[in-house]
Amino acid sequence: MFKKILIANRGEIALRVICACKELGIATVAVYSEADRYSLHVRFADEAVCIGPHRSADSYLNIPAVISAAEITNVDAIHPGYGFLSENAGFAEVCETCRVKFIGPRPEVIRLMGEKQGARAAAKRLGLPILPGSEGAVEDETQAQTVAAEIGYPVILKAANGGGGRGMRIVRTETELAAAFAAARTEAAAAFGNGDLYLEKFIERPRHIEFQVLGDEHGRVMHLGERECTIQRRHQKLIEETPSLALSAATRNEVGAAIIRALREVGYANAGTMEFLMDDAGHLSFIEMNTRLQVEHGVTEWVSGVDLVKAQIRIAAGEKLDAAIGPLAQVRDHATLNQGHAIECRINAENPDTFAPSAGRVTAFHPPGGIGVRVDTAMYSEAMMPPYYDSLTAKLMTYGVDRPEALARMRRALGMFVVTGIETSIPLHQRILADADFQAGRFDTRFMERFQPKKQRRGA
Ligand code: MV4
């Protein structure tokens, strides 16, 4: 097992990884920017190294600085958390070169899944259901028109290295296609340094459902069921839960079996997430794979009992999957493993109506507790919420034997969560939890439009 791990991240996820290391008896090294000197990840790590000024590009994304910190402190491994360098294949390669274990899949797998049209092609070859669309990237608007005519409108253009909805265009008629293609290409090139686009059939009002997977370095893989992540705004998830009310046991088993076959074929190691869109007929289609731990991993941990971060570390240290998930290996089938219902509300530092970020001094911070409540956060009273990073300030999770109990606990926990000095999304979550359609599980990706001022409404 590793003796010392560097956590190349900040905030609640850095603390989450520190928790796992402490439980495994592994020493920890925090890295921090000048803006994070008084952060809890710095305080709770055994050692801490300042890696640069507040700008992410100069600190948390600065590969030479992170690697230098790893060498100075003589760590065995680096956990990248999510965001920042977590899906940077080049960084994973540098770690390999420096003989520091990158806690994640192999660089080639990160690179393959980072090229979305490559991931799509791989998914198809591996027998996963995908949407009709282009084979790889589309060269120009003429080729896009040919593919669109074949599969029928509406279609969606997506950036090969896309994320956050940038470089994405919905196209409803052939006359719109040329202009949409040019606009998406320009946007993608500016945002990701790669203007490559691919094309898919557009699903009007999908649900977003993703499967958590784990694989070891000896060829064993498993899935831990799905997460329902449909409640989003501006491509940022707000609420996640598991299981999804929309997924039948038959579809879960069928797609789960296909996922396991596919990942076994690739030799997928460590944690990952396969994202699917569900159409109104309940059919799932693969869209993307994330090769990292996700923000919302906690709801899966709660229903499955698997500590995903400990499993990641054990897998990276060469342990077999059964050993990595501990005694639960005896019930490794997700249908036996997963029990009850868990839900997460992302508490962001932002105005609950306009979603404008809210930074500054947090004057009071009192997270809720009690039965069935978990709060993952690095916030505390008197802390500064810096304006430079993601606005996520706490993840509030609740568990229940069933969904109504999990929701009742969430409502009471939101009401007992005190944050003053900055604005948070707590009031927004309270309104969503009070919504009859939300309570009934009737929602799609446009659900949040009703909670937004009219002038801010956007398509899709
Ligand atoms: C789609 C889609 C409809 N059809 N692809 C948005 C972000 C990226 N991860 C995928 N996204 C979408 N892809 C096809 N073929 C609709 C969306 C989409 C969406 C998906 C899940 C949750 C929220 C969303 C909000 C807008 C658009």
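Residues numbered from 1 in each chain as written. Predicted model: local features only at pLDDT ≥ 70, side-chain atom pairs only at ≥ 80, totals over all residues. Heavy atoms only, no water.

Caption draft 1: Looking closely at the overall build of the protein. Within the protein, the secondary structure is distributed over 16 helices and 20 strands. In terms of overall dimensions, the protein has C-alpha extents of about 60 × 50 × 45 Å along its principal axes. Sequence separation of at least 24 residues holds for 64% of the intrachain contacts in the protein that already meet a minimum separation of 6. Within the structure as shown, the protein displays about 18300 Å² of accessible surface, and the carbon and sulfur contribution to it stands at 51%. (Helix = DSSP H or I, 4+ residues; strand = E, 2+ residues; numbered from the N terminus. Contact = heavy atoms within 4.5 Å. Areas by Shrake-Rupley, 256 points an atom, 1.4 Å probe, with all protein chains shown as cover.)

Caption draft 2: Spatial organisation of the domain arrangement of the protein. Partitioning the protein into domains gives domain 1 (4-103), domain 2 (132-201) and domain 3 (207-459). Each of domain 1 and domain 3 has a C-alpha centre, and the two are 23 Å apart. Between domain 1 and domain 3, the contact holds 31 residues from the first and 30 residues from the second. In this structure, the salt-bridge partner of Asp 307 is Arg 16, at a minimum N-O distance of 2.7 Å. In this structure, the connection of domain 1 to domain 3 is made through twelve residue pairs in polar contact (both at pLDDT 80 or more). (Domains from an automatic or database assignment. Salt bridge = Lys/Arg side-chain N within 4 Å of Asp/Glu carboxyl O. Polar contact = N/O pair within 3.5 Å; in protein donor to acceptor, adjacent residues only side chain to side chain.)

Caption draft 3: Just unusual backbone geometry, in detail. Each neighbour pair has its own omega, and for Tyr 153 with Pro 154 the value is -5 degrees, a cis peptide bond. Looking at the secondary structure, you find Pro 154 in the loop between helix 7 (141-151) and strand 6 (155-159). With an omega dihedral of -5 degrees, the bond running from Thr 242 to Pro 243 counts as a cis peptide bond. Relative to the elements of secondary structure, Pro 243 occurs in the loop between strand 11 (236-242) and helix 9 (249-266). Of note in this structure, Phe 84 is not a glycine but carries a positive phi near 35 degrees.

Caption draft 4: Here's a closer look at helix 15 (residues 426-433). Residues of helix 15 that are buried include every one of Ile 426, Leu 428, His 429, Ile 432 and Leu 433, and no others. In an axial view of helix 15, the angular spread of the buried residues amounts to 155 degrees, which keeps them on one side of the axis. Among the structural elements, strand 10 (221-233), strand 11, strand 14 (341-348), helix 14 (403-415), strand 20 (418-420) and helix 16 (436-440) are those in contact with the buried residues of helix 15. (Buried < 20%, exposed > 50% of the residue type's maximum accessible area, 1.4 Å probe, protein only. Arc of directions from axis to C-beta.)

Caption draft 5: Representation of the site of the ligand. Among the 16 residues in the neighbourhood of the ligand, the closest are listed as Lys 158, Glu 200, Lys 201, Ile 203 and Thr 445. Here a nitrogen atom of the ligand and a backbone polar atom of Ile 203 are 2.9 Å apart. Protein chains bury 91% of the 530 Å² of accessible surface belonging to the ligand in isolation. Elements with a contribution of two residues or more to the shell around the ligand: strand 6, strand 8 (197-201) and strand 13 (284-290). Grouping the amino acids of the shell around the ligand by side-chain chemistry returns eight nonpolar, four polar and four charged. Residue assignment places the shell around the ligand across two domains, with domain 2 (132-201) and domain 3 (207-459) each supplying three or more. (Near = heavy atom within 4 Å. Nonpolar A, V, L, I, M, F, W, Y, C, P; charged D, E, K, R; others polar.)

Caption draft 6: Region of interest: the state of the cysteines. Enumeration according to the criterion identifies zero disulfides in this entry. Just so you know, Cys 95 is unpaired, no disulfide at all, and the nearest cysteine sulfur is the one on Cys 98, 7.1 Å from it. (Disulfide = S-S within 2.5 Å.)

Caption draft 7: Quick peek at the pairing of strand 12 (residues 270-278). The buried fraction of strand 12 is high, at nine of nine residues. Here strand 9 (residues 207-215) runs beside strand 12; their pairing, made up of nine bridges, is antiparallel. Bridging from a neighbouring strand, Glu 210 pairs with Glu 275 of strand 12. Sheet topology places strand 12 next to strand 13; six bridges connect them, and they run antiparallel. Along strand 13, the bridge assignment pairs Phe 276 with Phe 286. (Pairing = 2+ DSSP bridges.)

Caption draft 8: Fine view of the environment of Arg 227. Within the secondary structure layout, Arg 227 lies in strand 10. Here Arg 227 is in contact with His 208, Ile 209, Glu 210, Gln 212, Glu 241, Thr 242, Thr 273, Gln 294, Glu 296, His 297, Val 299 and Thr 300, once residues within four sequence places are set aside.

Caption draft 9: Local environment of the nonpolar core. Counting residues in each nonpolar core, the largest one holds 38 residues, and the members touching the most others are Ile 5, Leu 214, Val 306, Ile 313 and Ile 325. No other element matches helix 1 (residues 11-24), which puts eight residues into this core. Mapping this core onto the domain boundaries places at least three of its residues in each of domain 1 (4-103) and domain 3 (207-459). Setting aside residues no more than four positions away along its own chain, Leu 214 makes contact with Arg 220, Val 221, Met 222, Leu 224, Asn 270, Ala 271, Val 306, Leu 308, Ala 311, Ile 315, Leu 321 and Ile 325. Of all hydrophobic cores here, the second largest spans 33 residues; its members include Met 379, Met 385, Leu 407 and Met 410. (Core = buried A, V, L, I, M, F, W, Y, C linked by side-chain atoms within 4.5 Å.)

Caption draft 10: Structural view of the packing of aromatic side chains. The full count for this structure, using the stated rule, is twelve aromatic pairs. Consider the rings of Phe 365 and Phe 417, whose centres lie 5.5 Å apart with planes at 70 degrees: the pair is edge-to-face. Taken together, the residues Phe 365 in strand 16 (residues 364-366) and Phe 417 in the loop between helix 14 and strand 20 connect sequence positions 52 residues apart. Across the pair, Phe 417 and Phe 365 agree in class, each one buried. An angle of 65 degrees between the planes, with centres 6.1 Å apart, marks the rings of Phe 443 and Phe 447 as edge-to-face. Among the aromatic side chains, those forming a connected cluster through ring pairs are Tyr 60, Phe 84, Tyr 388 and Tyr 389. Taking the ring centre of Phe 355 as reference, the NZ or CZ of Arg 233 above it sits at 4.2 Å. In this arrangement the basic side chain of Arg 403 is found over the ring face of Phe 438, its NZ or CZ atom lying 5.1 Å from the centre. (Phe/Tyr/Trp six-rings, centres within 6.5 Å; stacked < 30°, edge-to-face > 60°. Lys NZ or Arg CZ within 6 Å of the ring centre and 35° of its normal.)

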